[in-house]
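So you can see what is in the structure, the chains are spelled out below.
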Amino acid sequence: MIYAFPHDELKPLTRTFTDSLSELGNLKLEHLPQDYNGSALTLIESLSSLIILGNHTEFERAVFWLSENLNFDVDARVNLFECNIRVLGGLVSAHILATDSTIRFVQGSYMNQLLILAKDLGQRFLPAFETPTSLPYAWINLKHGVMVNETTETSTSGCGSLILEMGALSRLTGDPRFESAALRALRRLWSMRSSLNLLGTTLDVETGEWIEYSSGIGAGVDSFYEYLYKAHILFGKEEYWRMFQSAYLGVQKYFRYGPWYHEADMRTGKATYWQLTSLQAFWPGLQVLVGDITAANSSHREFVHVWKKYGVLPERYLLDHQIVHPTEKYYPLRPELAESTFYLYQATKDPWYIEVGESIVKSLNLYTRVNGGFASVRDVTSMQLEDHQHSFFLAETCKYLYLLFDDTFWASRNYVFTTEGHPLPVLRDWHDRLPEAYIPSNWTYVKDDMQTRRASSMSLQLCPATMLDSWRPAPPIESACHIPDSRSDHRCLTDEDCGVDSTSCRRRSCSVSGYCGLWQFS
Ligand code: DMJ
């Protein structure tokens, strides 16, 4: 607030600011308009954090400042995905918090200003969806719509991670256009999956053809999986669940290698890149929501191991050589490991996760804290810093760390967090059908193995064979796709006696000598 407000993001080393909204994403805007003076991005991103911290006075000040000053009628080319998760998500979530009667915000003076701003922004997104495929352009000019000669290349997350914010906007305003546009894009994207239920990373919105066939669970794809599942939680549509279930099993089957996830070609399922990336660290958090706690825990430990090796998590780490990627050595204060740690602690209450959180906090203070704020790390091998504090540091990294140690806000509410850490409430009115696990009176607190297995109704759907098998004590389930062999000694007479392998999610078969195993690789 001292050095950057009302600009977009803080430069903590020089104690200045950057107006980064137009630059969000990988492609850079070459010339910022001269009159472009920022959109208080970090302030918008911090609204829900202020409520979680209980700082209602600052929240109120921010809401009224934004109501009077925020204006989207600017000649700025923004990245649709980033603007959606950061700005639209920040505004919609803050509007919901501002009107929540259990939060003692001075509501008399709040006249839906944030929702009015959100609707204005949402309308400016809509021209991006006017393509032959309904897949949206990655970039849009807030004032002029899609620019002439705009790139037609976008990413899977760019098309498939809009439904939470745009769906919430439609539900709040009663204007169905936002949710319809996001859903049409999502359905079209899903129709482009391969026969293995895998998607690529980049595609062309005009032709609907894939550009990059290799994909994983990290950059360009990550929040697509997250939003399929969270959309099911938020809106209760079976359609989202069915898409997620197929997509999730595809990931576990073709990307997972023990606790790690590599990339693979969507057409063949063959491994392409053996790399651990910082963005992938959100996956164990998603697996917690699914009820796949054991798999979440084992991957999380690997990320923690790499974090401890360097002090923070490098952007890319070569699994086959156990070294940092030569050009992606940075750590821009990303939240994903803290996020997963928070979810795993919520699911297990295992104090080990508190210790992990403590060591993350210590590292951030030791390596990245400077007088002007917290600086990104340019090179994790030398801990050389970079003059940038991304808005997601406050929206997510700090929020998840705070919630790990004080979950008062979370414990009494039924919210899902968007991919940018903005809370949205699970409401009956928004639901086709509310899953049992999300009805507060059905909440289960995990205390023992038996309960761990039944902690989420979602895992019942992923693993029905085991769960319905109530006539004998169920053997431990190792992952959501795991179906144990019918005999604990793995002996068999036919393939029917064999289950589904917990690591590869492939069906096991009975060998000529009478043992269940992965004898054939298709
Ligand atoms: C955030 O902006 C979001 O979590 C997004 O989905 C990808 N990751 C960044 C922070 O790392």
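Residue numbers here run from 1 along each chain, matching the order of that chain's written sequence. Residue-level local features of this predicted model are given only where pLDDT is at least 70; pairs of side-chain atoms are given and counted only at 80 or more, and the full residue set underlies all totals for whole chains, interfaces and linings. For side-chain calculations, the full set of non-hydrogen atoms in the structure is used, while hydrogens and water are omitted.

## Re the packing of helix H6 (residues 163–173) against helix H7 (residues 177–191)
Axis lines are fitted through C-alpha atoms, for helices just across the contact stretch, and the angle between N-to-C directions can take any value from 0 to 180 degrees. The helix and strand labels rest on DSSP assignments: H or I over at least four residues marks a helix, E over at least two residues marks a strand, and numbering proceeds from the N terminus. Put simply, H6 and H7 touch, their axes get as near as 7 Å, and they point 150° apart. In terms of axis orientation, H6 runs roughly antiparallel to H7. At the point where H6 passes H7, the crossing takes the left-handed sense. Contacts between H6 and H7 involve Ile163, Met166, Gly167, Leu169, Ser170, Arg171 and Thr173 from the former and Arg177, Phe178, Glu179, Ala182, Leu183 and Leu186 from the latter. Considering only residue class, the contact of H6 with H7 consists of seven nonpolar, three polar and three charged. The scheme is simple: roughly parallel for angles under 35 degrees, roughly antiparallel for over 145, roughly perpendicular for 65 to 115, oblique for anything else. Should the near helix be turned counterclockwise from the far one by less than a right angle, the crossing is left-handed, whereas a clockwise turn marks it as right-handed. Whether two residues are in contact is decided by their heavy atoms: any pair within 4.5 Å suffices. Residues are grouped as follows: Ala, Val, Leu, Ile, Met, Phe, Trp, Tyr, Cys and Pro are nonpolar; Asp, Glu, Lys and Arg are charged; every other residue, Gly included, is polar.

## As for the environment of valine 78
Here valine 78 is to be found in strand E3 (residues 77–79). Residue exposure (1.4 Å probe, protein chains only): buried if accessible area is under 20% of the type maximum, exposed if over 50%, otherwise partly exposed. Here valine 78 falls in the buried class, since its relative accessible area comes to 0%. Sequence spacing of valine 78 and tryptophan 139 is 61 residues, and the spatial spacing of their C-alpha atoms is 5.6 Å.

## Section: the pairing of strand E17 (residues 376–379)
Pairing of E17 with strand E18 (residues 384–386), which is carried by three bridges, proceeds in the antiparallel orientation. From the neighbouring strand, valine 377 faces E18, where its bridge partner is leucine 385. In this antiparallel pair of consecutive strands, E17 and E18, the connection spans four residues, and methionine 383 shows a positive phi of 60°. Strand pairing requires that DSSP identify at least two bridges connecting the strands.

## Some thoughts on the site of the ligand
The immediate surroundings of the ligand are formed by Ile85, Leu279, Arg334, Pro335, Glu336, Phe392, Glu396, Thr419 and Glu420. Polar contacts here mean pairs of N or O atoms no more than 3.5 Å apart (in protein, one a potential hydrogen donor and the other a potential acceptor; neighbouring residues in sequence count only if both atoms are side-chain atoms). A distance of 2.7 Å separates an oxygen atom of the ligand from a polar side-chain atom of threonine 419. A 1.4 Å probe and the Shrake-Rupley method give the accessible areas. Residues count as covered only by the protein chains that appear here. Here the ligand loses 93% of its free accessible area of 290 Å² to cover by the protein chains. Looking at side-chain class alone, the shell around the ligand contains four nonpolar, one polar and four charged residues. We call a residue near a molecule or strand when any one of its heavy atoms sits within 4 Å of it.

## Quick look at the UniProt feature "binding site: Ca(2+)" (unreviewed entry) in the protein
Here, the residues flagged by UniProt with the feature "binding site: Ca(2+)" (unreviewed entry) are Thr419. With respect to the helices and strands, the residue threonine 419 is situated in the loop between strand E19 (415–417) and strand E20 (423–425). Classification of threonine 419 as buried rests on a relative accessible area of 14%. The residues contacting threonine 419, other than those within four sequence positions of it, are Ile85, Ser223, Glu226, Tyr227 and Glu396. UniProt positions are given in the numbering used here, feature names are shortened, and annotations may be inferred rather than shown by experiment.

## Describing helix H2 (residues 56–69)
Residue count minus one, scaled by 1.5 Å, sets the expected span of a helix. In this model, H2 (14 residues) spans 20 Å end to end at C-alpha, consistent with the 20 Å of a helix rising 1.5 Å per residue. By the burial criterion, the buried members of H2 are Phe59, Ala62, Val63 and Leu66. Along H2, the residues classed as buried sweep out an arc of 100° about the axis, all on the same side. Exposed and facing more than 90 degrees away from the buried side of H2 are Thr57, Arg61 and Glu68. Those residues of H2 that are buried are in contact with helix H1 (41–52), helix H3 (80–98) and helix H4 (113–125). Picture the helix axis, draw a direction to every C-beta atom, and the arc is the one those directions span.

## Quick look at the side chain of glutamate 150
Note that glutamate 150 resides in the loop between strand E4 (139–141) and strand E5 (153–155). Residue classification places glutamate 150 among the buried residues on the basis of a relative accessible area of 11%.

## Focus on H1
When you tally the buried positions in H1, you get 12 out of 12 residues, the bulk of the element. Among the residues of H1, Leu41, Thr42, Leu43, Ile44, Glu45, Ser46, Leu47, Ser48, Ser49, Leu50, Ile51 and Ile52 are the ones counted as buried. With its phi angle positive at about 80°, glycine 54 sits one or two positions after the end of H1.

## Examining the state of the cysteines
In what follows, a disulfide is any cysteine sulfur pair within 2.5 Å. For the structure shown, the criterion picks out two disulfides. Across the disulfide from cysteine 492 sits cysteine 510; the S-S distance is 2.1 Å. Taking the sign of the S-S torsion, 100° for the link of cysteine 492 and cysteine 510, the bridge is right-handed. Residue cysteine 492 is located in the loop between helix H18 (464–468) and strand E21 (509–510), and its partner cysteine 510 is located in strand E21; the two are separated by 18 residues in the primary sequence. Exposure remark for cysteine 492: the relative accessible area of 10% places this residue in the buried category. The partner cysteine of cysteine 498 in its disulfide is cysteine 516, sulfur to sulfur 2.1 Å. Around the S-S axis, the bridge from cysteine 498 to cysteine 516 shows a dihedral of about -85° and counts as left-handed. Remark: cysteine 516 occurs in strand E22 (residues 516–517) and cysteine 498 occurs in the loop between H18 and E21; sequence separation between them is 18 residues.

## So, the nonpolar core
Counting residues in hydrophobic clusters, the biggest one holds 139 residues, and the most contacted among them are Phe59 and Tyr225. Top contributing element to this core by residue count: H3, with 12 residues. Apart from residues lying up to four places away in sequence, tyrosine 225 is in contact with Gly216, Ile217, Phe244, Ala247, Val251, Phe255, Trp283 and Leu286. For the purposes of this section, nonpolar cores are sets of buried Ala, Val, Leu, Ile, Met, Phe, Trp, Tyr and Cys residues that join through side-chain atoms within 4.5 Å.

## Details of the pattern of salt bridges
What makes a salt bridge here is a side-chain nitrogen of Lys or Arg within 4 Å of a carboxyl oxygen of Asp or Glu, nothing more. On inspection of all chains with the given rule, the structure shows 21 salt bridges. The partner of aspartate 175 in a salt bridge is arginine 177, with the nearest N and O atoms 2.8 Å apart. Its salt-bridge partner being aspartate 265, residue arginine 267 comes within 2.8 Å of it at the nearest N-O pair. For arginine 267, a relative accessible area of 47% gives the class partly exposed. Given the relative accessible area of 14%, aspartate 265 is considered buried. Look at the salt bridges and you will find they share partners, linking Glu9, Glu82, Arg86 and Glu420 into a network.

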